[in-house]
Amino acid sequence: MHGKLSIITGPSGVGKSSVAMKLMERRPTLKKVVTCTTRPIREGERDGVSYHFLSRETFQKLIDEGALFEWDEHYGHLYGSRRSDVEALMEAGHDNLFVVDVAGAQTIKKENPDSTLFFIQAESMDELLSRIAKRDKGTTTGLEERKAAIRREMAFAASADHRIVNRKDRLDETVSQIAALMDT
């Protein structure tokens, strides 16, 4: 395979997808690996662009066939990247960008130690919970479960290659910081 492999991870609601979109605008050779999920589509998302939205049965078939590069289940939904999607981007010479949860990041980094892992975090737990509530339009479920998950995810930050704080209303600064780190 050719091309670099970068991973963006962090807690739910921290802005991983927003950071990734801005990074790809700045770097034409950087391509996001579109992951698969069994969760329902959210407003503004597009199948095949935001995620590949699959039925649980279809996703399970990919698992059974060994067709996934990595996968995990959280909040009752399956998430994962198809091996064929990753290989196609790498063979085309693109730099791959994974935007995944912490479990996915751990798997990818373990199997690809030369990859670069960026951990994105909010400036505080309160800010992060506010972002999740705004994104979910007040329909966030399992708040205590999410808080516990955030604490576990934050513990993983120490093993990342780079830790970046995505401050409220300062997305461009976050993207600039990551782009500069990608160039080193």
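About the thresholds
Residues numbered from 1 in each chain as written. Predicted model: local features only at pLDDT ≥ 70, side-chain atom pairs only at ≥ 80, totals over all residues. Heavy atoms only, no water. Helix = DSSP H or I, 4+ residues; strand = E, 2+ residues; numbered from the N terminus. Buried < 20%, exposed > 50% of the residue type's maximum accessible area, 1.4 Å probe, protein only. Lys, Arg positive; Asp, Glu negative; His and termini not counted. Salt bridge = Lys/Arg side-chain N within 4 Å of Asp/Glu carboxyl O. Polar contact = N/O pair within 3.5 Å; in protein donor to acceptor, adjacent residues only side chain to side chain. Contact = heavy atoms within 4.5 Å. Expected span 1.5 Å × (residues − 1). Arc of directions from axis to C-beta. 1 Å grid on protein atoms, 1.4 Å probe; cavity = no way out; pocket = protein on both sides within 12 Å on 5 of 7 lines; lining within 4 Å. Points joined across faces, edges and corners; volume = space filled by probe spheres on them. Pairing = 2+ DSSP bridges. Axes fitted to C-alpha atoms, helices over the stretch in contact; angles between N-to-C directions.

Student: Help me understand the side chain of Glu-70 in this model?
Tutor: Within the element layout of this structure, Glu-70 appears in strand S5 (residues 68–74). Buried charged residue Glu-70 carries no salt bridge. Nearest counter-charge: Lys-32, at 10 Å. A polar contact is formed between the side chain of Glu-70 and the side chain of Ser-81, at a distance of 2.7 Å. Sequence-distant contacts of Glu-70, that is, excluding residues within four places in its chain, are made with Thr-35, Tyr-79, Gly-80, Ser-81, Val-100, Gly-104, Thr-107 and Ile-108.

Student: Looking at this model, I keep getting lost on helix H7 (residues 171–182). Mind explaining?
Tutor: An α-helical turn contains 3.6 residues, so a residue and the one three or four places further along point in the same direction. A rise of 1.5 Å per residue sets the reference length of H7, with its 12 residues, at 16 Å; its end C-alpha atoms lie 17 Å apart and thus fit the reference within 8%. Looking at H7, one finds that the buried residues are Thr-174, Val-175, Ile-178, Ala-179 and Met-182. Down the axis of H7, the smallest arc covering the buried residues is 130 degrees, so these residues share one side. Where H7 is buried, its residues contact strand S1 (5–9), helix H1 (16–26), strand S2 (30–32), strand S7 (95–99), strand S8 (116–121) and strand S9 (162–165).

Student: Honestly, the layout of surface pockets in this entry has me stumped. Any pointers?
Tutor: When its volume is computed, the second largest pocket comes out at roughly 210 Å³. As for the second largest pocket, its lining consists of Asp-72, His-74, Tyr-75, Asp-101, Val-102, Ala-103, Gln-106, Glu-145, Ala-149, Arg-152, Glu-153 and Phe-156. Elements with a minimum of two residues in the lining of the second largest pocket: S5, helix H4 (102–111) and helix H6 (143–156). It is H6 that contributes the most residues to the lining of the second largest pocket, five residues altogether.

Student: Hey, could you run me through unusual backbone geometry in this one?
Tutor: Most of the time, phi is negative for any residue but glycine, and the peptide bond is trans. Of note, the phi angle at Tyr-75 is positive, near 50 degrees, even though the residue is not glycine. With respect to the helices and strands, Tyr-75 occurs in the loop between S5 and strand S6 (77–82). With a relative accessible area of 26%, Tyr-75 lands in the partly exposed category. One non-glycine residue, Asp-169, lies in the positive phi region at around 65 degrees. Tracing the sequence through the fold places Asp-169 in the loop between S9 and H7.

Student: Quick question: what am I supposed to make of the sheet that holds S7 here?
Tutor: Pairing is parallel in the open sheet, where five strands are placed in the order S2-S7-S1-S8-S9. Each of the sheet's edge strands pairs with one partner strand only, and the pair in question is S2 and S9. The sheet shows a mean angle of 25 degrees between the axes of neighbouring strands, taken without regard to direction. Pairing between S8 and S9: four bridges, direction parallel. Bridged to Phe-119 within S9 is Arg-163. Lying on the sheet, H4 is in contact with S1, S7 and S8; it crosses S1 at an angle near 155 degrees. Where H7 meets the sheet, it contacts S1, S2, S7, S8 and S9, and its direction lies at approximately 165 degrees from that of S9.

Student: Looking at this model, I keep getting lost on the sheet that holds S5. Mind explaining?
Tutor: Pairing between the strands of a sheet comes from backbone hydrogen bonds, and it takes one of two forms, parallel or antiparallel. Ordered by their spatial adjacency, four strands build an open sheet running S4-S3-S6-S5, and the pairing between neighbours is mixed. Of all the strands in the sheet, the pair left with one neighbour each is strand S4 (52–53) and S5. In the sheet, strand S3 (residues 36–37) pairs with S6 via two bridges, with the strands oriented antiparallel. Residue pairing in the sheet places Thr-37 in a bridge with Tyr-79 of S6. Its contacts with the sheet place helix H2 (residues 56–65) against S3, S5 and S6, and it is angled at close to 135 degrees to S5. Each of S4, S5 and S6 touches helix H3 (residues 83–91); the most contacted strand, S6, lies at about 35 degrees to it.

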